[in-house]
Amino acid sequence: MNRMSRTLSAALGLALAAGVAALPTAASAAPASGAAAVQHYTPAAAAQKSGGKADNQAFFEAVMKSARAKQAATPFLKAVVVTYDPSSAPSFSSEIARAAQIWNGSVSNVRLQAGSNADFAYYEGDDPSNGSYASTDGHGSGYIFLDYTQNQQYDSTRVTAHETGHVLGLPDHYSGPCSELMSGGGPGPSCTNPYPNSAERRRVNTLWQNGLAATAR
């Protein structure tokens, strides 16, 4: 049985909240957030939806607010811990873990870890029109959706690390080279680089360093 068959039998599609995308089949539902802020992996999918810096900022701020609220109990930590829930994307468990490992090895002011009471979640399903994307309602409810077909066409670890980059505050930059993680699907399916470049690493560290100061007040 190939990966597509396993994933389809394990989770036959997801119904996303109204205002984002309605999937063809629905066995379980994504958060009923009415989310409108969407960041796609490919330029073609992005063209079908409104999105941009404001949308990405909404996701970043919602995740930071959630993470900082929980960190109040452990103020001695030097990095903000962002907790994610991978349970609704079992077919991508290794890619999700690898994406977290990549980001944790790349930046120092924020750390990703799996756990309960998560700041955001991963979901999987079939959405050929939109592909994989990060989405939030701007009020603390955010998630990453991983599309089956797109993750067969493109390097799955890169897709996952790219979408996770939105959680950390980075916008899409499709015109960038393969060495730039947030160029996403812009360089084409042959690009398999899952690592942020030095500019992206610096940007995330700056965002979360400033975020620590801003949200501590």
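Let me begin by describing the structure that accompanies this report.

### A few points about the pattern of salt bridges
This model, assessed by the stated rule, comprises one salt bridge. In this structure, Asp 119 engages Lys 70 in a salt bridge whose closest nitrogen and oxygen atoms are separated by 2.9 Å. Pair noted here: Asp 119 is in the loop between β5 (110-114) and β6 (120-125) and Lys 70 is in helix α3 (residues 53-71), with a separation of 49 residues, a long-range link.

### A word on the packing of aromatic side chains
Scanning the entire structure with this criterion turns up nine aromatic pairs. Arranged with centres 5.3 Å apart and planes meeting at 80°, the rings of Tyr 41 and Tyr 154 form a pair that is edge-to-face. Placement of the pair is Tyr 41 in the loop between β3 (37-40) and α2 (43-46) and Tyr 154 in the loop between α5 (150-153) and α6 (156-167), with a sequence separation of 113 residues. The residues Tyr 41 and Tyr 154 share a single accessibility class, namely buried. Plain terms: the ring middles of Tyr 84 and Phe 120 are 6.2 Å apart, the flat faces sit at 40° to each other, and that makes the pair tilted. One end of the pair, Tyr 84, is in strand β4 (residues 80-88); the other, Phe 120, is in strand β6, with 36 residues separating them in the sequence. On the basis of relative accessible area, Tyr 84 is assigned to the buried category, the value being 6%. Through a chain of ring-to-ring contacts, three or more aromatic side chains come together here, namely Phe 59, Tyr 84, Phe 120 and Tyr 122.

### Side note on the state of the cysteines
What we call a disulfide is simply a covalent bond connecting the sulfur atoms of a pair of cysteines. Under the counting rule described, the total for this entry stands at one disulfide. Each sulfur of the disulfide joining Cys 178 and Cys 191 lies 2.0 Å from the other. Taking the sign of the S-S torsion, 90° for the link of Cys 178 and Cys 191, the bridge is right-handed. With a gap of 13 residues between them, Cys 178 in the loop between α6 and α7 (198-216) and Cys 191 in the loop between α6 and α7 connect regions that are remote in the sequence. Residue Cys 191 is classed as buried on the basis of its relative accessible area, which comes to 3%.

Rules and cut-offs
Residues numbered from 1 in each chain as written. Predicted model: local features only at pLDDT ≥ 70, side-chain atom pairs only at ≥ 80, totals over all residues. Heavy atoms only, no water. Salt bridge = Lys/Arg side-chain N within 4 Å of Asp/Glu carboxyl O. Helix = DSSP H or I, 4+ residues; strand = E, 2+ residues; numbered from the N terminus. Phe/Tyr/Trp six-rings, centres within 6.5 Å; stacked < 30°, edge-to-face > 60°. Buried < 20%, exposed > 50% of the residue type's maximum accessible area, 1.4 Å probe, protein only. Disulfide = S-S within 2.5 Å.

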